Every structure is written in C-alpha cells, then in structure tokens.
Amino acid sequence: MRIRSEGQSYPYEFDLVQVLLKSTIVDKTLDLVSVVGELSIFENMFTNTMTGNIYVQEQLNLISNFPIVGHEKLEIVLRNPRKKDEELRMEFRIYSVSNITTPNQSTQTYMINFISEEYTTNLKSSISRSFSNSVISDIVKSICTTDLSIEKKIDIEKTKNVHDIIIPNLKPLDAINWLAKRAIAEQYEGANYLFFET
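This is a predicted model, so every value here is computed, not measured.

K.L.:
I'd love a proper account of the pairing of strand E6 (residues 73-80), names of residues and values included.
P.N.:
In the case of a regular strand, side chains alternate between the two sheet surfaces. Across the eight residues that make up E6, a large majority, six, are buried. As judged from the seven bridges shared by strand E2 (residues 13-22) and E6, these two strands associate in the antiparallel manner. Each residue of the ladder has a partner; that of Lys 22, found in E6, is Lys 73. Here eight bridges tie E6 to strand E7 (residues 83-104), and the two strands are oriented antiparallel to one another. From the neighbouring strand, Leu 74 faces E7, where its bridge partner is Phe 92. Adjacent in sequence and paired antiparallel, E6 and E7 are bridged by two residues.

Given below as structure tokens:
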C-alpha cells in the first residue's frame, strides 16, 4: 500500500486522512498526519493479524511531550482518491518505537511499530472449554466474536464434519490455527485453511 503523491493516482494508493495516537494513560489524542513521512501496513496469509509502521519526522519532540509507553491506540483513516466519500478506518495498538535519530538539533525521526488490536486481545485471554456437536467453522466464528471481540466483517469458509472438541488452555489465535489444521472444506476437496486479516 502506498500513500499517493499529489497529481498521481494508482489503484493501490490512498490519501492519508488521519493518524490519531490515543494515550492509554492520560486522556490525550494527537493527530500525527502532518509528521508522517511514510506509512506501511503489512498483511500476510501466514500471519493472523496485520502489522505496520509509521516513519515520523518531526520538530516538536512529540515522544517526550506525548510519551509512548506501549499499548497506545492508533487509528488510521485512509481515503480512496477515486471515491472521495469512501474511507477506510483501521485501529491498531503500538508495541514499540524504534530507530530514534536526531539528524540535527531541531529534528527527530523515529519509527512507530503497530499491530492489530486483536493481537493484544489475544494475549490477554485463553480458551479452556469444549465445543460439542459443532463444525469447525462455527467454532472459529464463536472464538472470533466471543474471545477476540472482533467487530469487523469475518469471512469464514464453511467446513464439514461435526466434532466434539476440547480446547485446552490455548490463546484464541493459537486455538484457531490448531482448528484450521483439522478443518475440511465443505465445498472444495483438499482445501487447506488459513486464518489471516486483510
């Protein structure tokens, strides 16, 4: 994904509308859109959640005035330049700040690294329960809505065969990956399952 330059327009480029940093310690919100040099969001079929980073170049010493201690919320709003009324709003959690440099006395650059909100929810919970007389696709949907509190659209391919399954104290994403290895597609022969965010 690329943020579009003025005057150019490619199918994979977006206008960066907002980058809101929300503190978890104090009631503060900061819009970073004016200091963002580069925004990268990564999605991978073999990774459960999206990750990304923001390259920041600023002269206001924001990381001292708005301390980033980890777990701050980050809300990114993108707009398709061909459909001005269509916005994409994504929420993430910051997990680190890296590559802090001071090229001159007044400028500071650094990288803010973030990951999907669901990843931090995953770290805080575990599943120890049984699912009786259920297909794997229904179990995965239940884990997504109940244990991970996912409110985004979830697209789950239907599976066949009814199971009685006990999940033995696994993190929700580990449980979903464990179930994906055992799932058999209802419609397609020999199809393997993956759980990823896009």
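There is more to say after this.
K.L.:
Explain helix H3 (residues 136-147) residue by residue, including any values.
P.N.:
Taking 1.5 Å of rise per residue, the 12 residues of H3 would be expected to cover 16 Å, and the 15 Å separating its terminal C-alpha atoms lies within 8% of that figure. Those residues of H3 that are buried lie in contact with helix H2 (117-124), strand E9 (127-134), strand E10 (163-170) and helix H4 (172-182). Immediately beyond the C-terminal end of H3, within one or two residues, lies Ser 149, with a positive phi of roughly 55°.

Reading guide: rules and limits
Residues numbered from 1 in each chain as written. Predicted model: local features only at pLDDT ≥ 70, side-chain atom pairs only at ≥ 80, totals over all residues. Heavy atoms only, no water. Buried < 20%, exposed > 50% of the residue type's maximum accessible area, 1.4 Å probe, protein only. Helix = DSSP H or I, 4+ residues; strand = E, 2+ residues; numbered from the N terminus. Pairing = 2+ DSSP bridges. Expected span 1.5 Å × (residues − 1). Contact = heavy atoms within 4.5 Å.

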